[in-house]
Amino acid sequence: SEPDGRGPADHGPRSPGDAYRVAFENGHEAIFIAQDGVLKAVNPAAGALVAAPAEEVVGRSLLDLIHPEDRATVAERYQRRIAGDATERSLTVRGLRPDGTVLWLEIHSAPTTWEGQPAGSGICTSTPAPSPVSTSRPQAPRWSRLRSTWTAWARVWSDLRPMISTTKPTPQ
């Protein structure tokens, strides 16, 4: 019991299922599960991303939230997911909020099952629109770009560190 008499202390998830539920409900990235082309489960961040309560997003067609010009690409990728294909996990497409607002989405997806049947699961984040110059070559996923930036900074730090550590401040 807690010192204030409120009962046993809650020290977080008690099972792996609880841990997944806590991560799902509290994640900052939009998380979804789609089956038969319908969103079966979404977390609160997914609702926030599309500017609708999560309860109103569940039951909607996955493609309703994708820009019409990108729906064929998403539908093809979704069909591959439910068939078990886990290749090409990242995709950048335009999303469509219920109010008609267009936003760019980076979706990372994988095959899964939902209630014993094939489904697709995904994590989705809003991303800046690709620059017109970069449309001639595929965009690297954000994590790859971040790793490249980090590697460049590590090289700069490696080059500067000897100079910084041997430089002593001059007295005023």
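Quantities reported herein were computed from a predicted structural model and do not represent experimental measurements.

**Q** What should I look at first to understand the sheet that holds strand β1 (residues 30–35) in this one?
**A** Strand-to-strand pairing in sheets goes through backbone hydrogen bonds, with the strands running parallel or antiparallel. The antiparallel open sheet is built from five strands, whose spatial order is β2-β1-β5-β4-β3. If you trace the sheet from one side to the other, it starts and ends with β2 (38–42) and β3 (90–96), each paired once. With direction set aside, neighbouring strand axes in the sheet form an average angle of 40°. Where strand β4 (residues 102–114) lies against strand β5 (residues 117–126), 10 bridges are found, and the strand directions are antiparallel. Bridge assignment links Glu 106 to a residue of β5, and that residue is Thr 125.

**Q** Explain unusual backbone geometry to me, please; I cannot follow it from the model alone.
**A** Glycine aside, negative phi is the norm for most residues, and most peptide bonds take the trans geometry. The backbone of Ala 51 shows a phi angle near 60°, a positive value even though the residue is not glycine. The residue Ala 51 is located in the loop between α2 (44–49) and α3 (54–57) in this model. Exposure remark for Ala 51: the relative accessible area of 54% places this residue in the exposed category. The phi dihedral of Glu 88 is positive, around 45°, even though this residue is not glycine. With respect to the helices, strands and loops of the structure, Glu 88 is situated in the loop between α4 (71–82) and β3.

**Q** Quick question: what am I supposed to make of the pattern of salt bridges here?
**A** When charged atoms on two side chains of opposite charge get close, those side chains can pair. A complete count under the given rule lists seven salt bridges for this structure. The shortest N-O distance in the salt bridge between Arg 21 and Glu 25 comes to 3.2 Å. One end of the pair, Arg 21, and the other, Glu 25, are both in helix α1 (residues 16–26), four residues apart, so they sit about a helical turn from each other. Across the pair Asp 70 and Arg 94 runs a salt bridge whose closest N-O atoms are separated by 2.9 Å. One end of the pair, Asp 70, is in the loop between α3 and α4; the other, Arg 94, is in strand β3, and 24 residues separate them in sequence. By the burial criterion, Asp 70 is buried, and Arg 94 matches it.

About the criteria used
Residues numbered from 1 in each chain as written. Predicted model: local features only at pLDDT ≥ 70, side-chain atom pairs only at ≥ 80, totals over all residues. Heavy atoms only, no water. Pairing = 2+ DSSP bridges. Helix = DSSP H or I, 4+ residues; strand = E, 2+ residues; numbered from the N terminus. Axes fitted to C-alpha atoms, helices over the stretch in contact; angles between N-to-C directions. Buried < 20%, exposed > 50% of the residue type's maximum accessible area, 1.4 Å probe, protein only. Salt bridge = Lys/Arg side-chain N within 4 Å of Asp/Glu carboxyl O.

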